[in-house]
Amino acid sequence: MAEVWTSQAEDLERRFRQGDVRALARSLTLVESGHPLGQALLKRVRGQGRAKVVGVTGSPGAGKSTLTDRLILEARKRGERVGVLAVDPSSPFTGGAILGDRIRMMRHHQDPGVFIRSMASRGALGGLAGATVAALNLLEAFGFDRIFVETVGVGQSEVDIARVADTTLLVLTPAAGDAVQAFKAGVMEIADLFAVNKFDLPGGERLIQELKSALELSPPRPGGWRPPIYPTVAATGQGVEELFAGLEAHHRHLLEHGLLEAHRLERARFEVESVIQEWGRRKTQNAGDLVAAVARGEVSPEEAALSLLRPEAEEGPF
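Below or above, wherever it landed, is the structure these notes cover. Note that this is a predicted model, so its numbers are computed, not measured. (Residues numbered from 1 in each chain as written. Predicted model: local features only at pLDDT ≥ 70, side-chain atom pairs only at ≥ 80, totals over all residues. Heavy atoms only, no water.)

1. Looking at the environment of Ile-161
Moving on, step 1. With respect to the helices and strands, Ile-161 occurs in helix α6 (residues 161–164).
Moving on, step 2. Taking relative accessible area as the criterion, Ile-161 reaches 0% and is therefore assigned buried. (Helix = DSSP H or I, 4+ residues; strand = E, 2+ residues; numbered from the N terminus. Buried < 20%, exposed > 50% of the residue type's maximum accessible area, 1.4 Å probe, protein only.)

Laid out in structure tokens, this is it:
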């Protein structure tokens with residue numbers, strides 16, 4: 001059986017390194033499901049490639065997918081190969097997801113230089129799917145020049161994207177309460193760039209002024225970076241070229257100040273934490289008696305967690 005596994009892994013790795021898109025898609029499926037074959041491949045190819053990773057986040061309806069679609073066009077004009085991870089929210093009841101972000105990027109489905117993968121968040125906090133970083137590492141190893149990671153769009157809980165992406169773009173819209181949301185420190189401090197999308201709606205200029213005022217009070221960024229604000233209308237492409245230039249400027253800033261390596265280490269730390277979190281969730285799901293004991297006040301949550309952490313917890317909850 002071990003020989004079969006080795007043969008399968010070697011064949012998948014060979015096709016992956018040869019640039020076979022089917023092998024990439026298969027590898028992503030294996031990694032997302034936690035399959036040992038996917039983990040084995042990821043271990044062998046991890047750390048290869050140096051893509052520019054851009055996180056696109058913001059509240060629902062801000063136009064993140066349409067804006068990402070336009071940014072893909074800008075990247076392709078410059079000859080870049082582009083990978084996209086679009087994370088959609090999962091139903092808390094069925095676990096299913098619509099995976100609708102791909103619909104807004106359909107113009108690229110026949111472009112061999114663009115690969116789009118939708119992922120379900122499956123209840124993961126922070127706006128990211130649990131396997132997002134693993135999938136990101138696969139796309140990077142596959143040789144993409146730029147990777148866009150679009151989060152589920154759930155507001156201020158999306159701060160995890162800043163730990164995964166090299167550059168974080170926060171998309172806001174006028175007249176949608178986004179100014180108030182942006183002032184909440186968790187979201188305000190993660191953005192390297194701001195896009196005020198749907199700028200043709202009333203209130204765009206006021207939102208920009210409010211953002212500028214808030215940024216004056218925010219703590220200094222690494223290397224002295226000052227987050228710029230770009231008015232855009234993704235539906236027509238207005239302002240997108242300037243926004244793309246801003247993404248390039250931030251990447252140069254990271255290189256000039258030696259900040260990229262710190263970003264990569266933080267991404268790895270986040271990945272390890274995500275694995276631990278998923279492990280704990282699965283353990284808790286199978287510990288009904290222990291959870292009931294916590295509810296009755298017989299065991300504290302800390303004692304329950306320590307019980308699950310012990311190796312002997314495999315045999316029982318106590």
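Next comes the rest of the write-up.
2. Concerning empty space enclosed by the protein
Moving on, step 1. Across all of its chains, the model carries one cavity of 30 Å³ or more by this definition.
Moving on, step 2. Taken together, Lys-52, Val-53, Val-54, Arg-146, Asp-166, Thr-167, Leu-247 and His-251 make up the full set of residues lining the largest cavity.
Moving on, step 3. When residues in the lining of the largest cavity are grouped by element, the largest group, three residues, is from strand β1 (residues 52–58).
Moving on, step 4. Among the residues forming the lining of the largest cavity, the class breakdown is three nonpolar, two polar and three charged. (1 Å grid on protein atoms, 1.4 Å probe; cavity = no way out; pocket = protein on both sides within 12 Å on 5 of 7 lines; lining within 4 Å. Points joined across faces, edges and corners; volume = space filled by probe spheres on them. Nonpolar A, V, L, I, M, F, W, Y, C, P; charged D, E, K, R; others polar.)

3. Quick notes on a nonpolar patch on the surface
Moving on, step 1. Residues Trp-279, Leu-306 and Leu-309 make up a contiguous nonpolar surface patch of roughly 320 Å² in combined accessible area.
Moving on, step 2. The exposure class of Leu-309 is exposed, given its relative accessible area of 56%. (Patch = residues over 30% accessible without salt bridge, like charges linked within 9 Å, V, L, I, M, F, W, Y side chains within 5 Å. Areas by Shrake-Rupley, 256 points an atom, 1.4 Å probe, with all protein chains shown as cover. Salt bridge = Lys/Arg side-chain N within 4 Å of Asp/Glu carboxyl O.)

4. Observations regarding the packing of aromatic side chains
Moving on, step 1. The final tally for this structure, using the stated rule, is three aromatic pairs.
Moving on, step 2. Ring centres 5.2 Å apart and planes at 70 degrees place the aromatic pair Phe-16 and Phe-142 in the edge-to-face group. Of this pair, Phe-16 sits in helix α1 (residues 2–17) while Phe-142 sits in helix α5 (residues 132–142); the two residues are 126 residues apart in sequence, bridging distant segments of the chain.
Moving on, step 3. The class of Phe-16 is buried, set by a relative accessible area of 3%.
Moving on, step 4. A relative accessible area of 7% places Phe-142 in the buried class.
Moving on, step 5. Relative to Phe-144, the ring of Phe-115 lies with its centre 6.3 Å away and its plane at 35 degrees, an arrangement referred to as tilted. Residue Phe-115 is located in strand β3 (residues 114–120), and its partner Phe-144 is located in the loop between α5 and β4 (146–150); the two are separated by 29 residues in the primary sequence. Exposure class is identical for Phe-115 and Phe-144. Each is buried.
Moving on, step 6. Positioned above the aromatic ring of Phe-144 is the side chain of Arg-81, whose terminal nitrogen or guanidinium carbon lies 5.0 Å from the ring centre. (Phe/Tyr/Trp six-rings, centres within 6.5 Å; stacked < 30°, edge-to-face > 60°. Lys NZ or Arg CZ within 6 Å of the ring centre and 35° of its normal.)

By themselves, these figures tell us nothing about what the structure is for.
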